[in-house]
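This is what each chain is made of:
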Amino acid sequence: MSIISGKKVKLFTLNANRDLAEEISKQSKIPLSSVDVVRFADGEISINIVESVRGHDVFVVQPTSAPVNEHLMEVLIMCDALRRASAKTITILMPYYGYSRQDRKAQSRQPITAKLVADLLQVAGADRVICIDLHAAQIQGFFDIPIDNFPAAPMLANYFIKKKIKDIVVVSPDHGGATRARVFARLLDAPLAIIDKRRPRPNVAEVMNIIGEVEGKVAIMIDDIIDTAGTLVVGAEALLKAGAKEVYAAATHPIFSHDAISKIESSNLTQVVVTNTIQIPHKDKSTKIVQLSIGSLLGEAVLHVVQDEPISQIFDSIRSAE
């Protein structure tokens, strides 16, 4: 336990990303408290909080990355346990929000699962949620509790600024990501291009055209999520065919499903820069993948929340501070 501004504070982590939780703990100087997560033979999850949380402001680190349903149930059960143990407040640090791509009905009889997850978190007892780069900004409106959605773009942009790459063009891998790419291009003071693509079926992308000038330039494709890496690989090929000298990729959330990492390894991409909102297993490390840490930023965010201070500038001012 830590006492900050007269408040009793505890920090917990579940199983999704312990390495990130340890970085948050180090930055905030709040030690990780003990919790036992047990699985019964049939897969049911049981949680036992080892120490008292009565009257404490509690923070729980748990991105809902793969296995998504396991990690989601862990955090829901943890919230219920904390609420029943009389925690004063419960803040969920969920840098990656699972099911965020199901934010609307694309067809008539589909669910809006991102809204369902928001409802579940609130019913379970969460008082606040902190995320990084929600796939769709409108997910914030699914909550009736405070939710903070912070950008990773300044950190990713700062990485490329330090590399001092010349003749950059920022590329959106599709029309839907144009706003995100425009923000990134502004941070790098670079022009913007858009890949016009279509998806004949899920997780399959075909490039139709490239809108903008990429010839003789170093292209940086920017996205929020890398899942199967199919879009990146196809996009890199198209950009090089159109005359780009080199192709980088940057994204916030490295889901890396199936053979995504081997696709990246064998692709024409020079480098893929991501954050550690999702833990990449050590066996899947790649020389082409650079992972930047958001741990110190989230640690600062925790302190600001406890001290009732604004936190948006922590993320927005990375470029000017470094």
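Predicted, not measured: the structure shown is a model, and the values here were computed from it.

Rules of the game
The residue count restarts for each chain, going from 1 along the sequence in the order it is written. Only residues with pLDDT of at least 70 get local features here, since the model is predicted, and only at 80 or more are side-chain atom pairs given and counted; chain-wide, interface and lining totals rely on the full set of residues. Only hydrogens and water are set aside; all other atoms, that is, all heavy atoms of the structure, feed into the side-chain values. Put simply, DSSP marks the helices as runs of H or I at least four residues long and the strands as runs of E at least two long, and each gets a number from the N terminus on. When accessible area is computed with a 1.4 Å probe and restricted to protein chains, residues below 20% of their type maximum are described as buried, those above 50% as exposed, and intermediate ones as partly exposed. In the analysis that follows, any N or O atom pair within 3.5 Å is treated as a polar contact, provided that within protein one partner can donate a hydrogen and the other can accept it, and provided that, for residues neighboring in sequence, both atoms belong to side chains. By the convention used here, residues are in contact when the closest approach between their heavy atoms is within 4.5 Å. Being paired, for any two strands, means DSSP has found at least two bridges between them. Angles here are taken between N-to-C directions and fall from 0 to 180 degrees, while the axes themselves are lines fitted to C-alpha atoms, restricted in helices to the stretch in contact. Stacked, edge-to-face and tilted are the three classes for Phe, Tyr and Trp ring pairs, Trp counted by its six-membered ring, which pair at centre distances within 6.5 Å; planes under 30 degrees apart are stacked, over 60 edge-to-face, the rest tilted. Multiplying one less than the number of residues by 1.5 Å gives the expected span of a helix. Throughout, nonpolar core names a set of buried Ala, Val, Leu, Ile, Met, Phe, Trp, Tyr and Cys residues whose side chains join them through atoms within 4.5 Å. Disulfide assignment relies on a single distance test, namely cysteine sulfur atoms paired within 2.5 Å.

Bringing the side chain of S172 into the picture now. Topologically, S172 is positioned in strand β9 (residues 168–172). By relative accessible area, which is 0% here, S172 ends up buried. Of the polar contacts made by the side chain of S172, one reaches the backbone oxygen of G177; its length is 3.4 Å. Those residues in contact with S172, other than ones at most four positions away along the chain, are G177, A178, A181, A193, I194, I195 and I222.

This part takes up the pairing of strand β3 (residues 35–39). Where β3 meets strand β4 (residues 45–49), five bridges bridge the pair, whose relative direction is antiparallel. When the sheet's bridge partners are listed, V38 is paired in β4 with S46. The turn linking β3 back onto β4 is made up of five residues, and G43 within it adopts a positive phi angle of 100°.

It is generally the case that most residues other than glycine have a negative phi and that most peptide bonds are trans. In this model, A66 is joined to P67 through a cis peptide bond whose omega is -5°. Tracing the backbone through its elements, the reader meets P67 in the loop between β5 (57–61) and α2 (68–84). With a phi close to 55°, D189 is a non-glycine residue in the positive phi region. You can see D189 is positioned in the loop between α5 (178–188) and β10 (192–201).

This next bit is on the sheet that holds strand β2 (residues 7–13). Spatially, β1-β2-β5-β6-β7-β8 is the arrangement adopted by the six strands of the open sheet, whose pairing is mixed. In the strand order of this sheet, the two ends are held by β1 (2–4) and β8 (147–150), each with one partner. In this sheet, adjacent strand axes meet at a mean angle of 25° when their direction is disregarded. Where β5 meets strand β6 (residues 89–93), five bridges bridge the pair, whose relative direction is parallel. By the bridge assignment for β6, V60 is matched with I92. The strands that helix α1 (residues 18–28) touches are β2, β5 and β6; relative to β2, the one it contacts most, it runs at about 155°.

Turning next to the packing of aromatic side chains. Within the structure shown, the criterion is met by four aromatic pairs. Centroid distance Y97 to F143: 6.1 Å. Interplanar angle 70°. Geometry classified as edge-to-face. Highlighted residues: Y97 in the loop between β6 and α3 (113–124) and F143 in the loop between β7 (128–132) and β8, separated in sequence by 46 residues. Owing to a relative accessible area of 2%, Y97 belongs among the buried residues under this scheme. The exposure class assigned to F143 is buried, which follows from its relative accessible area of 7%. Counting every residue linked through ring pairs, the aromatic cluster contains Y159, F160, F184 and Y248.

Across the eleven residues of helix α4 (residues 153–163), eight count as buried, placing the element largely inside the fold. A153, P154, M155, L156, A157, N158, Y159 and F160 are the residues of α4 that are buried. Just downstream of α4, K164 is the residue with a positive phi angle, here 55°.

What follows deals with the environment of S293. Turning to its location among the elements, S293 is positioned in the loop between β15 (289–292) and α8 (295–306). Side-chain polar atoms of S293 contact the side chain of N276, separated by 3.3 Å. Here the side chain of S293 touches G295 through a polar contact of 3.0 Å, landing on its backbone nitrogen.

This part covers α2. End to end, α2 covers 25 Å across 17 residues, agreeing with the expected 24 Å (1.5 Å per residue, within 8%). Every buried residue of α2 is accounted for by H71, L72, E74, V75, L76, M78, C79, A81 and L82. Residue S86 follows α2 closely and has a positive phi angle near 70°.

Looking now at the nonpolar core. Counting 47 residues, the largest nonpolar core has F160, V170, F184 and L188 as its most contacted members. With seven residues, α8 is the largest single contributor of residues to this core.

What follows covers the side chain of N276. Looking at the element boundaries, N276 is found in the loop between β14 (271–275) and β15. You can call N276 buried: its relative accessible area is 9%. Apart from the residues within four sequence positions on either side, N276 is in contact with N17, L20, E23, Q291, L292, S293, I294 and G295.

Time to look at the state of the cysteines. Across all of its chains, the model carries zero disulfides by this definition. For C79, which is in no disulfide, the shortest distance to another cysteine sulfur is to C131 and amounts to 12 Å. Classification of C79 by relative accessible area gives buried; the value is 1%. Relative accessible area serves as the criterion here: at 1%, C131 is assigned to the buried category.

Take it as geometry only, folks, not as evidence of what the structure does.
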